[in-house]
Amino acid sequence: MTYRDQLVASILLCIILGFFSVETLAQTQYKSCSHKLQSDLVILSSGWSRDLTQQRTYSYSETGLSLEDLQTLKVAWTFGFEDTNQPRSLPAITDQAVFIGSQEGTVFSLDTKTGCGFWKFQTSSSIRAAVTVAKVTQPSGDKRPMVFVANDDAKVYAIDAISGTQLWEKRVETHKNAVITGSPVYYEGDIFIPVSSKEVGTAVNPWGGCCTFRGSLVSLDAASGKENWKTYTVTKPAAYMGRNILGGKQYGPAGAAIWSAPTIDTKRKLIYVGTGQDYTLPLTGLSNAILAIDMETGKLVWKQKLWPKDAWNVACPLGPFGINCPKEEENHDFDFGAPPIIVADSDGKDWILAGAKSGIVYALDPELNGQLVWERRLSKGGLLGGIHWGMAADTGNVYVPISDVAVPFSWKTSSEENKPGLNRLDLKTGEIIWSSPVAKNCGDDEVCKVNFSAAITGIPGAILAPGLNGIIYAFSVENGELVWEFDSTVETQTVNGVTANGGAMDAGGVVAANGMLFFNSGYAGAGSAFGKGGNQFWVLTKSETINK
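These numbers were taken from a predicted model, which means no experiment stands behind them.

For the rest of this paragraph, the subject is the overall build of the chain. Scanning the chain from N- to C-terminus turns up 3 helices and 38 strands. Against the 2.2 N^0.38 benchmark of 24 Å for 548 residues, the chain shows a C-alpha radius of gyration of 22 Å, consistent with a compact globule. By its C-alpha atoms, the chain is 65 × 50 × 50 Å across when sized along the principal axes. Each of the 548 residues in the chain was classed as buried or not, and the buried ones make up 63%. The long-range share in the chain, meaning contacts at least 24 apart out of those at least 6 apart in sequence, stands at 60%.

Note on backbone geometry: most residues besides glycine have negative phi, and most peptide bonds are trans. Cis peptide bonds are those with omega within 30 degrees of zero, and the linkage from Cys210 to Cys211 qualifies with -5°. Its place among the elements puts Cys211 in the loop between α3 (199-202) and β14 (216-221). In the segment running from Gly385 into Gly386, the intervening peptide bond is cis, with an omega of 10°. Counting through the fold element by element, Gly386 comes out in the loop between β25 (371-377) and β26 (392-393). Despite not being glycine, Ala154 has its phi angle at roughly 60°, a positive value.

Let's shift gears to the side chain of Ser379. Here Ser379 lies in the loop between β25 and β26. Those residues within four positions of Ser379 in sequence are excluded, and the remaining contacts are Ser358, Gly359, Gly386, Ile402, Asp404 and Lys419.

Before going further, it helps to examine the sheet that holds strand β19 (residues 270-274). Strand order in this open sheet of 4 strands is β18-β19-β20-β21, and the pairing throughout is antiparallel. Only two strands of the sheet have a single neighbouring strand rather than two, namely β18 (263-265) and β21 (300-305). With direction set aside, neighbouring strand axes in the sheet form an average angle of 20°. Summarising the sheet, β18 and β19 pair through 3 bridges and their orientation is antiparallel. Counted as the bridge partner of Ile264 is Ile271 from β19.

A separate point is the packing of aromatic side chains. Under the criterion given, the structure shown has 23 aromatic pairs. Grouped by ring-pair contacts, the aromatic residues Trp484, Phe486, Phe519 and Trp538 constitute a single cluster. The ring of Trp48 carries Arg56 above its face, with NZ or CZ at 5.3 Å from the centroid. The residue whose ring lies beneath Lys349 is Trp351, and the NZ or CZ to ring-centre distance is 5.3 Å.

A regular strand carries its side chains on alternate faces of the sheet. Here β19 lies mainly inside the structure; 5 of its 5 residues are buried. On β19, burial covers both faces: Leu270, Tyr272 and Gly274 on one face and Ile271 and Val273 on the other are all buried. The hairpin formed by β18 and β19 contains 4 residues between the paired strands, and Lys269 there has a positive phi angle of roughly 55°. Of the strand pairs in this sheet, β19 and strand β20 (residues 289-294) are connected by 5 bridges, and their pairing is antiparallel. Residue pairing for β20: Val273 is matched across the bridge by Leu291.

Strand pairing in a sheet takes place through backbone hydrogen bonds and is either antiparallel or parallel in direction. Spatially, the 4 strands line up as an open sheet ordered β22-β23-β24-β25, and their pairing is antiparallel. Strands with a single pairing partner mark the edges of an open sheet, and in this sheet they are β22 (341-344) and β25. On average, adjacent strands in this sheet sit at an angle of 25° to one another, irrespective of strand direction. As paired strands, strand β24 (residues 360-365) and β25 are joined by 6 bridges and run antiparallel to one another. Considered in β25, the bridge of Ile360 is made with Arg377.

The next subject is the nonpolar core. Ranked by internal contacts, the top residues of the largest apolar core, which has 80 residues, are Trp77, Phe148, Val172, Phe518 and Phe537. The leading source of residues in this core is strand β13 (residues 190-197), at 4 residues. When sequence neighbours within four positions are dropped, the list of residues in contact with Phe518 reads Pro91, Ile93, Val98, Thr112, Gly509, Val510, Val511, Ala513, Phe537, Trp538 and Val539. Formed by 19 residues, the second largest nonpolar core is a distinct cluster that contains Ala92, Phe99, Trp119 and Val149.

What counts as what
- Residues numbered from 1 in each chain as written.
- Predicted model: local features only at pLDDT ≥ 70, side-chain atom pairs only at ≥ 80, totals over all residues.
- Heavy atoms only, no water.
- Helix = DSSP H or I, 4+ residues; strand = E, 2+ residues; numbered from the N terminus.
- Rg over C-alpha atoms; globule rule 2.2 N^0.38 Å.
- Buried < 20%, exposed > 50% of the residue type's maximum accessible area, 1.4 Å probe, protein only.
- Contact = heavy atoms within 4.5 Å.
- Pairing = 2+ DSSP bridges.
- Axes fitted to C-alpha atoms, helices over the stretch in contact; angles between N-to-C directions.
- Phe/Tyr/Trp six-rings, centres within 6.5 Å; stacked < 30°, edge-to-face > 60°.
- Lys NZ or Arg CZ within 6 Å of the ring centre and 35° of its normal.
- Core = buried A, V, L, I, M, F, W, Y, C linked by side-chain atoms within 4.5 Å.

Laid out in structure tokens, this is it:
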């Protein structure tokens, strides 16, 4: 390829950047409630998972739902977001209110039963992370219900859960491309924030100065927003490394973003996080790894690097056009996007489980500094998984969704077979108990994708797995048989009067609480292999329909 060809191709490929982030300025309205939110909130679900261990399997007492109840579910209400095609913020649920973020950067407080609105709060940019709600002890000694949200400007906001007024605001990373994708986690007065970056995408621009971002985990005092500590996953700031063939400046090391929720080990007072790949060279020691960090000091206690060499950015799938791809090394994008899980088996032994976009599940021993116990490859893996957003586990099993979705613009090919579906593994050995491949029930829609990229949720007797085709599938825990499905793509009459329909389902998946299911539908853009967009938030309930 000549210099001129590379120049023309690079200019055209810069246009691709527009697919990676869609901002919107529309202001969604709601129908105001005739009653007020009371201060005695009962928290039912918060953040990425209601448990600090990120297991995402729940009892009947926690959810009010089991396999037998799925067939009785009806629509309670739906809510529509204006000018939105990718609602992805997982809601926090209380007995009175649902707190949910939006692509327009707004946080809404909606009545759990009817969907009317108590308040809304505007942040500076889109919200992709899950909303966290907690009762936080104040300097006075009183406990105050607070809502925490993080956005694409790497800002964290604390909001009074009752009034919707801002309590504090903190930008946790000053890098221009920093974002917060992973969900904040609250524990004993502190809020832990994982920091990721859009620089993995902007690297496609050969003149953009690739790459300088460093992933990090930040601890803030929940009451005040004061920083307790900050731990970087790339220990040294990037240095100038020279220029690429088109004259663009190059820097390194960079990357190792944390874009999933932290996992809290209350027994050992540790936080576990999974990291992403290096964006450029030189390679670093904490990328593609599970890290154990002291929750009091932020000190790295141990690491387990599970893929030795992986330097990747969005320029890499473009083959010869990817000027900023570090082609001297392996380019896989086999990072950890699913949060680590810590779970005790039937004998009381603790396990750390990690699923990577490589399609490999790893089991580590927390008593032996993360020593590898077993690993199991379930699929070929890929840019969107493999294992993408999240697994689930209980005392005997690991439940693993596989995406293996084909990604446009990729010159890389593989003779390995795609294996999208759901798998149940034995917790102690990693042996496959059953495997349920997806059934492509998309009719005449040739671009329909059933693949399970989103995080899954377990209720007694069933695993709920949302598909990129917008259908939620429920599989029997016992044998993996499909027992229920729900199509979220249809248009509904929303409680706030916005015309809304669903689309691809990805990222956080489904929340189960109080006999109800809560979920967003619609996920356009490159992150879902250009799945169908949508603007709809659904609430299903066992009781009769109350949408008015």
